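Given next are the chains, with one letter for each unit.
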Amino acid sequence: MPSTRRSVLRAATGLSSLTVAGCQSFSGDSEPTEKPQIDPVTDYTVVTLRRADGAPYRYTGNRRSGESLVVGSSDDIDALSFPTDGSKADEFGSFVRETDFEERSVLLYRRRVSECDRQHVESVWRRPGSLSVTLCRERRAADVDCSTDTEVEVGIAIRVPFTSDQFDQPTASTSSECTDRFGPRDTTTEGA
C-alpha cells in the first residue's frame with residue numbers, strides 16, 4: 001500500500017508522542033538530585049605568626065591536634081600555650097584567648113614553609129555541618145632577605161562566626177594559585 005504524505009505525518013506524530021510520554025514517565029520516576037549548599041564565609045578574622053625558632057602554639061589536650069585544631073571552649077584554651085616573646089606572638093595568643101566561644105570559634109593551623117614563602121587564608125567556605133579552608137602559599141617580595149633552604153613555622157588563627165558544635169573538623173587545602181576568585185583576601189599578614 002503506497003504511503004501518502006498524510007500517513008507519514010500521522011506516523012511521525014504518533015512516534016513523537018510516545019517519545020515525549022516515555023521521557024515524562026521516566027523523569028517522573030526519579031527524584032532530582034540536590035547539590036549541597038556551599039556558602040562563602042566573609043566575616044572571619046585572621047591573625048598569623050611566623051616563627052623561625054619554635055612553634056606558634058603548643059597543645060597538650062587529649063584530642064589529636066596534628067596541623068589543625070578547633071578551639072571552641074575555655075577547656076581548649078587551658079590546653080594551649082603560646083609564645084610570649086614579642087608583640088606579634090602576644091597578639092596571636094591574645095586573639096585566640098579573647099574569643100567569645102558562645103558565638104565563635106577559632107581554627108588553628110600550623111604549617112612549615114620555606115623562609116622565602118608566605119602563607120595566608122584565601123577563603124573559608126561553609127557547607128551544612130562542615131567548613132573548608134583554602135590556604136595560599138606564595139613567594140614573598142623579591143627584596144625580602146631569605147633562604148629557600150631554611151624553613152619556618154607559620155601559625156594561622158581564623159576566628160569564624162560559628163560555635164564549634166556547628167561543624168565537624170574542617171578540611172583545609174593549600175594552593176599556589178592565589179587569586180581573589182576564592183574569596184576575601186587577607187591583606188594584614190604580609191610577614192606570614
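Note on numbering: residues in each chain are counted from 1, in written sequence order. Per-residue local features are limited, in this predicted model, to residues with pLDDT of at least 70; the limit for side-chain atom pairs, both in listing and counting, is 80 or more; totals at the level of whole chains, interfaces and linings are taken over all residues. Calculated side-chain values reflect all of the structure's heavy atoms, with hydrogen atoms and water omitted.

Observations regarding the pairing of strand E2 (residues 45-51)
Right, on to step 1. Buried, partly exposed and exposed residues are distinguished by accessible area as a fraction of the type maximum, computed with a 1.4 Å probe on protein chains only: under 20%, between the cut-offs, and over 50%, respectively. Every helix listed is a DSSP run of H or I at least four residues long, and every strand listed is a run of E at least two residues long, numbered separately from the N terminus. With five of seven residues buried, E2 is to be regarded as a mostly interior element.
Right, on to step 2. Between any two strands, at least two bridges found by DSSP are needed for them to pair. By the bridge criterion, seven bridges tie E2 to strand E9 (residues 151-160) in an arrangement that is antiparallel. If you follow Thr-45 over to E9, its bridge partner there is Arg-159.

Let's talk about the nonpolar core
Right, on to step 1. As used here, the term nonpolar core means buried Ala, Val, Leu, Ile, Met, Phe, Trp, Tyr and Cys residues forming a set that is joined through side-chain atoms within 4.5 Å. In this structure, Leu-107, Val-121, Ile-158 and Val-160 are the most contacted members of the largest nonpolar core, which totals 19 residues.
Right, on to step 2. When residues of this core are traced back to their parent elements, those giving at least two are strand E6 (105-114), strand E7 (117-127), strand E8 (130-139) and E9.
Right, on to step 3. Counting residues per element, this core draws most heavily on E9, at five residues.
Right, on to step 4. It only takes one pair of heavy atoms within 4.5 Å for two residues to be counted as in contact. Once you skip the residues sitting within four places of it in the chain, Leu-107 turns out to touch Leu-69, Val-70, Leu-131, Val-133, Ile-156, Ala-157, Ile-158, Val-160, Phe-167 and Pro-170.
Right, on to step 5. In this structure, Leu-49, Tyr-57, Ala-79 and Phe-82 belong to the second largest nonpolar core, which totals 18 residues.

A closer look at the packing of aromatic side chains
Right, on to step 1. Aromatic pairs are defined between Phe, Tyr and Trp rings, using the six-membered ring for Trp, whenever the two ring centres lie within 6.5 Å; interplanar angles under 30 degrees are classed as stacked, those over 60 as edge-to-face, and all others as tilted. Scanning the model with the defined rule gives one aromatic pair in all.
Right, on to step 2. Residues Phe-82 and Phe-92 carry aromatic rings whose centres are separated by 6.0 Å and whose planes lie at 70 degrees to one another, so their mutual orientation is edge-to-face. Within this pair, whereas Phe-82 is found in the loop between strand E5 (80-81) and helix H3 (87-97), its partner Phe-92 is found in helix H3, the two being separated by 10 residues in sequence. The pair Phe-82 / Phe-92 is uniform in exposure class, with both members buried.
Right, on to step 3. As a reminder, the over-ring test applies to NZ of lysine and CZ of arginine, requiring each to be within 6 Å of the ring centre and within 35 degrees of the ring normal. Of note, Arg-126 hangs over the ring of Phe-162, and the distance from its end group to the ring centre comes to 3.9 Å.
Right, on to step 4. Against the face of Phe-95 rests Arg-159, its NZ or CZ located 4.1 Å from the ring centre.

With respect to the pattern of salt bridges
Right, on to step 1. Salt bridges are defined by distance alone: a side-chain nitrogen of Lys or Arg within 4 Å of a carboxyl oxygen of Asp or Glu. Overall, the coordinates contain eight salt bridges when judged by the stated rule.
Right, on to step 2. Of the charged contacts, one joins Lys-88 and Glu-91 as a salt bridge, the two residues approaching to 3.9 Å between their closest N and O atoms. One end of the pair is Lys-88 and the other is Glu-91, both in helix H3 and three residues apart, which spans about a single turn.
Right, on to step 3. A residue is classified by how much of its surface remains accessible, and Lys-88, at 34% relative accessible area, is partly exposed.
Right, on to step 4. In this structure, the salt-bridge partner of Glu-138 is Arg-118, at a minimum N-O distance of 2.6 Å. Placement of the pair is Glu-138 in strand E8 and Arg-118 in strand E7, with a sequence separation of 20 residues.
Right, on to step 5. What emerges from the salt-bridge pattern is a single network uniting Arg-110, Arg-112, Glu-151 and Glu-153.

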